[in-house]
Amino acid sequence: QVQLVESGGGSVQAGGSLRLSCAASVGISLHSMAWFRQAPGKVRGGVAAIDSGGRTTYVESVVGRFAVSKDNAKKILYLEMNNLNPRDTGMYYCAAHEYVRYTPDLLSSAYEHWGRGTQVTVSS
């Protein structure tokens, strides 16, 4: 199956930045992919998504601060996170839908493959 491994998480102060990476075991050029996060005691929610054609969408709380992108040659999905605040704290998961889809989707049910996550902690 498709294997996804996240990296780049860490602890930062409010206002700081992090760049998360998701390395895939197979080519991802035609995959729809997304980043989700889950804080303790809360459900996992979509943060940023990119479809097979490169279209993106974001949850309202990160618009203007986060940017999702794919490097198809390197088989890596990225999430640039800027001006972080404590509400961004959580475990960040990479997800992939292995078939072509031209609609970025922030719903968990749209993805079949998941990484184990990387922790992001933002202090005030």
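Parameters at a glance
Residues numbered from 1 in each chain as written. Predicted model: local features only at pLDDT ≥ 70, side-chain atom pairs only at ≥ 80, totals over all residues. Heavy atoms only, no water. Phe/Tyr/Trp six-rings, centres within 6.5 Å; stacked < 30°, edge-to-face > 60°. Helix = DSSP H or I, 4+ residues; strand = E, 2+ residues; numbered from the N terminus. Buried < 20%, exposed > 50% of the residue type's maximum accessible area, 1.4 Å probe, protein only. Contact = heavy atoms within 4.5 Å. Disulfide = S-S within 2.5 Å. Salt bridge = Lys/Arg side-chain N within 4 Å of Asp/Glu carboxyl O.

**Student:** How do you make sense of the packing of aromatic side chains when you look at a structure like this?
**Tutor:** For any pair of aromatic rings, the description consists of the separation of the ring centres together with the inter-plane angle of the planes. Across all of its chains, the model carries 2 aromatic pairs by this definition. Both rings, one in Phe36 and one in Tyr111, keep their centres 5.7 Å apart while their planes meet at 75°; by these two values the pair is edge-to-face. With Phe36 in strand 4 (residues 32–38) and Tyr111 in the loop between strand 9 (90–97) and strand 10 (113–114), this residue pair connects regions lying 75 residues apart in the sequence. By the burial criterion, Phe36 is buried, and Tyr111 matches it. Ring centres of Phe36 and Trp114 lie 4.9 Å apart, and the angle between their planes is 55°; on these two criteria the pair is classed as tilted. One end of the pair, Phe36, is in strand 4; the other, Trp114, is in strand 10, with 78 residues separating them in the sequence. Residue Phe36 is classed as buried on the basis of its relative accessible area, which comes to 0%.

**Student:** Could you clarify how one ought to interpret the side chain of His31 in this entry?
**Tutor:** For His31, the location among the structural elements is in the loop between strand 3 (18–24) and strand 4. For His31, the contacting residues outside a window of four places in its chain are Val2, Val26, Ile50, Asp51, Ser52, Lys70, Ala96, His97 and Glu98.

**Student:** Sorry if this is basic, but what is going on with the state of the cysteines here?
**Tutor:** In a disulfide, the sulfur atoms of two cysteines are held together by a covalent bond. Enumeration over the complete set of coordinates arrives at 1 disulfide. The partner cysteine of Cys22 in its disulfide is Cys94, sulfur to sulfur 2.0 Å. Residues Cys22 and Cys94 are joined by a disulfide whose S-S torsion is about -75°; by sign, that bridge is left-handed. A residue pair is termed long-range when its members are at least 10 positions apart, and Cys22 in strand 3 and Cys94 in strand 9 qualify at 72 residues. Classification of Cys94 as buried rests on a relative accessible area of 0%.

**Student:** How should I be thinking about the environment of Gly27 in this particular structure?
**Tutor:** Topologically, Gly27 is positioned in the loop between strand 3 and strand 4. Residue classification places Gly27 among the partly exposed positions, given a relative accessible area of 46%. Linking Gly27 and Tyr111, residues 84 residues apart in sequence, is a C-alpha distance of 16 Å.

**Student:** How should I be thinking about the pattern of salt bridges in this particular structure?
**Tutor:** Between side chains of opposite charge, a pair can form as their charged atoms come close. Applying the stated criterion to the full structure yields 4 salt bridges. In this structure, Glu80 and Arg19 form a salt bridge, with 2.8 Å as the shortest nitrogen-oxygen distance. Highlighted residues: Glu80 in strand 8 (residues 76–81) and Arg19 in strand 3, separated in sequence by 61 residues. Given the relative accessible area of 43%, Arg19 is considered partly exposed. A salt bridge links Arg65 to Asp88; the nearest nitrogen and oxygen atoms lie 2.8 Å apart. Residue Arg65 is found in the loop between strand 6 (56–58) and strand 7 (66–71), and its partner Asp88 is found in the loop between strand 8 and strand 9; the two are separated by 23 residues along the sequence. For the pair shown, Arg65 and Asp88 are each scored as buried. Each of Arg37, Arg65 and Asp88 takes part in salt bridges that share partners, so that together they form one network.

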